[in-house]
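A structural walkthrough
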Number of protein chains: 2
Amino acid sequence: MIFMPENKKYANLESIIHPRSVAVIGASENPDKVGHIIMGNYVDGGFPGKLYPVNINSTGTIMGIKSYKSVLDVKAEVDLAVIAVPAAIVPAVLDECGRAGVKGVVIVSGGFAEVGNVDLQNEVEKVAKRYPMPVIGPNCLGIMDPRSRNNTLFLPSFKIDKPKIGGISFASQSGAVGSSVLDMINHEGFGLARFISYGNAVVVDEVDILNYLMHDKETKVIVFYIEGVKRGKEFMEVAREVTKIKPVVIIKGGITEAGAGAAHSHTAALTGSYQAYEAVFRQCGFSIASDLKDLLNFAKIFSTQPLATGNRIAIVTNGGGTGVITTDALYKSGLKLATLSKDSETSLRKVMPSIVNIRLPLDLAGDADDKRFGDALNAVENDDNVDAIVTIALFQTPGADSKLAESLIHFGTQMKKPMVVISMGGSFTQAHKAIMESAGLPVYGSPSEAASSLVALIDYSKYRGKIL
Amino acid sequence: MIFMPENKKYANLESIIHPRSVAVIGASENPDKVGHIIMGNYVDGGFPGKLYPVNINSTGTIMGIKSYKSVLDVKAEVDLAVIAVPAAIVPAVLDECGRAGVKGVVIVSGGFAEVGNVDLQNEVEKVAKRYPMPVIGPNCLGIMDPRSRNNTLFLPSFKIDKPKIGGISFASQSGAVGSSVLDMINHEGFGLARFISYGNAVVVDEVDILNYLMHDKETKVIVFYIEGVKRGKEFMEVAREVTKIKPVVIIKGGITEAGAGAAHSHTAALTGSYQAYEAVFRQCGFSIASDLKDLLNFAKIFSTQPLATGNRIAIVTNGGGTGVITTDALYKSGLKLATLSKDSETSLRKVMPSIVNIRLPLDLAGDADDKRFGDALNAVENDDNVDAIVTIALFQTPGADSKLAESLIHFGTQMKKPMVVISMGGSFTQAHKAIMESAGLPVYGSPSEAASSLVALIDYSKYRGKIL
């Protein structure tokens, strides 16, 4: 065994994240059983590796696949064992995994410290730590990794949108927060790298997950829901390392006294003082989300846009009032409007209709089409006074159509400055929002969401030394 | 003519809002013309009253309907004249309306103070004030009133969702803000009473509109986007009156210096100091929105839920972590968790599974179904310690389905306490959100949106003396 420093002991999650072979312990023909749903994920999801259903009562096959009474009977390399058996027998099953040389374990079973069974949880920890294998859980949803088709989520699959393969990795102590935010990420189509629901964290914890995701080349941005941190010093060490490489968006549950009380009975974590956490998060360069929706909003900009080189914003809009409200939102957030260069003014004056005032926010008027937006975006893209762009595209207007969406995709995915779009409205707007988002352009449904996401990007750009 | 006090001179907008006869001045066979789109609204929208197309070049009929060269030629009662002609001839056309005894006018044409043509706008004002008729505009979208099928919006109709008839009235100085927020209201199906886009407000202004909506029995909640107020004293007078009767949700554009600069070139309004505005708004009992999305979020709760009698909140959830974050959001907003009564504790302990801790937030666990939610909601509904309810229904979970949506609709639309729902996620969740919202239950996509909407309701309940 290779020597690993204590704080990286369980950081090698490769076998858990993209295993070549999976044993599902608690596999079942009964569709109501968790072990059945998890088997279905692999069978129906086209998992390309070896699958070993394990059930003490098995009589030959489960779901058409040769089954085993114990993981010890498999007699082949098992990268990942998923344990979905009643809590009381988890320690024994886990010990068998250790003895069988399983490389990694996810315990999805609940019924431990979160319902007061502290002794049983301690037993799990004691057994796990006899072996080198990393163990995720218990009381968690486990892993979804669309690249390797690894999926331990035991929720009805039609209730969660399918992920697109992409660069967002999301780790959540809470399964409920995990699945709903995962569903939001999948719905908006920004692309998932890894999803890790890690529950009570008896072995693999926040520190291990950060260590793993830091070096994971598929992960462009890390999104984190935590309720508490067990190893504060190690957490700070790895946090400072990871934000040198990639952004981390974090929200902590239990920041008020009442919320902390609720968190304690939930995953049995000690929440500590939020002021202390917030100070640590800021020192480490984390982007602090103040609402669950920010997790998605910030991930959208981080996973698609370059870092900024300043905080001077150009607003280009086809709605005057929305430009006014967005200007307010930027200034309330500590950002500011850019001032157009003389060159931009001159070139814009030549191409814009006389009713357009050449100043920021640049109100292109309600009849603006893709051509007028293109002329405007071309000017601000090339203006050295502009660091980032907010484009307000209101699709209720006569000139806004899928050609405009296409033009915004062109600018927003190719230019070297960050750009976000604001589009608000009903069915026609939502259809165009989906088109733009599936192409990798962050679109927000309100000025304040766009502003707070830009602030997250700009603050992190400062942390990374891109803004002097 | 009946004597009207100066501040109510133009408050009778009946003929403009639900006219029995409409003249469209600038009506045209050319589909690119604003006058054509507006004619189409009435013809295709099933407007039940009389329709008089007017165009100086008309030769008998427009869109199959007998047409007139001037409104003076109509020789019948005209409740509403919609003016959609080039700016330069608006004063002359408006004068004809006055001489013809038209009862109300909407000028949708732009090209006045907002592009520097102050003299022309002054001319419009001078002409208008010779006559008793209220005049809305210029530079506006005008009226959408689904009850009377009155619709002057000259935007492509397929780009805006159709409104359901309901209790939200929305007045907007800005056409862009107006149409996008209107589209959001229509999309979520909460039901529209009147939409009034009033633009440069040369005659009918904020004061007149508040006066009208105050006494309009179809209007349950008033939503307002303003950039400035022309008659401060009268505005305060009517504001204090209206909030005694119904809630007003307001957002002011141009609250920062930069935003104010943008507003000035937009509708040529003077924005004044925001601190002064905010103080006035609060004194008058307005609910201040800090983002455009709040306009919809607050309207949802005000148009469907009763006022609260206190600020003690029960959270009922099928997701532990989301309960924690929502608890945090409530406390950050100045609300607090209720403490369950002994009776509730006893009755809940009898019906809940042992894994459910009987305390708030009440975490029903990931397998909760409509029955378990129903038992929980029944208890908190009847608990005198609980003033309002936040139900977190995560539809990714095994027990959450359309039966749960139906149960939540039952509770949320019938109980005497306010209730809101938080549901976050993708397609499956959005489908159930739409079902619940179309039945009149406010559903929010994040804890902070639910919390800020509850705060708006509770603050207004205090203002109305419902909370001591």
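Just so it is clear, the structure is predicted and the values come from calculations on it, not from any experiment.

Re the overall build of chain A
In terms of helices and strands, chain A carries 16 helices and 20 strands. Taking 23 Å as the expected radius of gyration for a compact globule of 468 residues, we find that chain A reaches 25 Å, a close match to that expectation. Projecting the C-alpha coordinates of chain A onto the three principal axes gives extents of approximately 80 × 45 × 40 Å. In chain A, once contacts between residues fewer than 6 apart in sequence are set aside, the share between residues at least 24 apart is 75%. Summing over all exposed atoms, chain A offers an accessible surface of approximately 16700 Å²; the carbon and sulfur share of this is 53%.

Some details on the domain arrangement of chain A
Many authors give the size of an interface as the accessible area that is lost as the parts come together. All names here are of chain A. Examined at the domain level, chain A breaks down into domain 1 (6–302) and domain 2 (306–463). Taking only C-alpha atoms, the centre of domain 1 and the centre of domain 2 are 38 Å apart. Contacts between domain 1 and domain 2 engage 20 residues on the former and 17 residues on the latter. Across the domain 1/domain 2 interface, buried area totals approximately 1400 Å², and carbon plus sulfur atoms make up 56% of it. The interface formed by domain 1 and domain 2 holds three salt bridges in total. Salt-bridge contacts for Glu449 lead to Lys293; the nearest nitrogen and oxygen are separated by 3.4 Å.

A look at the sheet that holds strand β10 (residues 165–172) of chain B
All names here are of chain B. Read across the sheet, seven strands follow the order β9-β8-β11-β10-β12-β13-β14 without closing on themselves; strand pairing throughout is mixed. One side of each edge strand has no neighbouring strand; the edge strands of this open sheet are β9 (150–151) and β14 (287–288). Across five bridges, the pairing between β10 and strand β12 (residues 221–226) is parallel. Pairing of Phe170 across the sheet is with Val223, part of β12. Packing against the sheet, helix α5 (residues 175–188) makes contact with β8 (142–145), β10, β11 (192–197) and β12, and its axis sits at approximately 165° to β10.

Quick look at the interface of chain A and chain B
Taken residue by residue, the interface counts 67 residues in chain A and 67 residues in chain B. Counting each side, the surface lost to burial between chain A and chain B is near 4900 Å², with a carbon and sulfur contribution of 63%. Connecting chain A to chain B are two salt bridges. Counting the contacts that link chain A with chain B gives 26 residue pairs in polar contact (both at pLDDT 80 or more). Within the residue set of the side of chain A that touches chain B, elements represented by two or more residues are α5 (175–188), β13 (248–252), α8 (257–267), α10 (292–304), α11 (320–332), α15 (427–438) and α16 (447–463) of chain A. Top contributing element to the side of chain A that touches chain B by residue count: α11 of chain A, with nine residues.

Observations regarding the confidence of the model for chain A
In this model, chain A carries a mean pLDDT of 94, and residues with pLDDT of at least 70 account for 96%. Here the predicted complex scores 0.94 on pTM and 0.93 on ipTM.

Re the packing of α5 of chain A against α10 of chain A
Residue and element names in this part refer to chain A. Running from N to C, α5 and α10 point in directions that differ by 35°, and their axes come no closer than 10 Å. As α5 runs across α10, the sense of the crossing is right-handed. Where α5 abuts α10, its residues Val177, Val181, Met184, Ile185 and Glu188 lie against Leu292, Lys293, Leu295, Leu296 and Lys300.

Quick look at the sheet that holds strand β1 (residues 21–25) of chain B
Residues and elements named next belong to chain B. As summarised here, the arrangement of the five strands in space is β2-β1-β5-β6-β7, forming an open sheet in which the pairing is parallel. The sheet is open, and its two borders are formed by β2 (50–54) and β7 (135–136), each paired with just one other strand. Sheet analysis places strand β6 (residues 104–107) next to β7, joined by two bridges and oriented parallel. Among the inter-strand pairings, Val105 is bridged to a residue of β7, identified as Val135.

Describing the packing of aromatic side chains
Evaluation of the coordinates by the stated rule reveals 22 aromatic pairs over all chains. With 5.7 Å between their ring centres and 85° between their planes, Phe302 of chain A and Tyr460 of chain A make a pair best called edge-to-face. With Phe302 of chain A in helix α10 and Tyr460 of chain A in helix α16, this pair connects stretches of sequence that are 158 residues apart. For the pair Phe302 of chain A and Tyr460 of chain A, one class covers both residues: buried. Geometrically, the ring pair formed by Tyr277 of chain B and Phe281 of chain B is tilted, given 5.8 Å between the ring centres and 45° between the ring planes. Of this pair, Tyr277 of chain B and Phe281 of chain B both sit in helix α9 (residues 274–283), four residues apart, roughly one helical turn. Residue Tyr277 of chain B shares its accessibility class with Phe281 of chain B, and that shared class is buried. Among the aromatic side chains, those forming a connected cluster through ring pairs are Phe235, Tyr277, Phe281 and Phe286 of chain A. One Lys or Arg, Lys300 of chain B, reaches over the ring of Tyr444 of chain B and ends 4.7 Å from the middle of that ring.

Some words on the relation of the copies chain A and chain B
Mapping between the two chain copies consists of a rotation about an axis together with a translation along that axis. Each copy of the sequence occupies a distinct position, and chain A is placed on chain B by a rotation of 180° and an axial shift of 0.0 Å, giving an RMSD of 0.0 Å. Such a combination of turn and shift is consistent with a two-fold rotation axis. With an isologous cut-off of 70% or more, the 100% of interface residues of chain A that recur at the interface of chain B puts this contact in the isologous class.

Parameters at a glance
Residues numbered from 1 in each chain as written. Chains lettered and ligands numbered in written order. Predicted model: local features only at pLDDT ≥ 70, side-chain atom pairs only at ≥ 80, totals over all residues. Heavy atoms only, no water. Helix = DSSP H or I, 4+ residues; strand = E, 2+ residues; numbered from the N terminus. Rg over C-alpha atoms; globule rule 2.2 N^0.38 Å. Contact = heavy atoms within 4.5 Å. Areas by Shrake-Rupley, 256 points an atom, 1.4 Å probe, with all protein chains shown as cover. Domains from an automatic or database assignment. Buried area = accessible area lost by both parts, 1.4 Å probe. Salt bridge = Lys/Arg side-chain N within 4 Å of Asp/Glu carboxyl O. Pairing = 2+ DSSP bridges. Axes fitted to C-alpha atoms, helices over the stretch in contact; angles between N-to-C directions. Polar contact = N/O pair within 3.5 Å; in protein donor to acceptor, adjacent residues only side chain to side chain. pLDDT = per-residue confidence, 0-100. Left-handed = near helix turned anticlockwise from the far one by under 90°. Phe/Tyr/Trp six-rings, centres within 6.5 Å; stacked < 30°, edge-to-face > 60°. Buried < 20%, exposed > 50% of the residue type's maximum accessible area, 1.4 Å probe, protein only. Lys NZ or Arg CZ within 6 Å of the ring centre and 35° of its normal. Least-squares fit on C-alpha atoms with pLDDT ≥ 70 in both.

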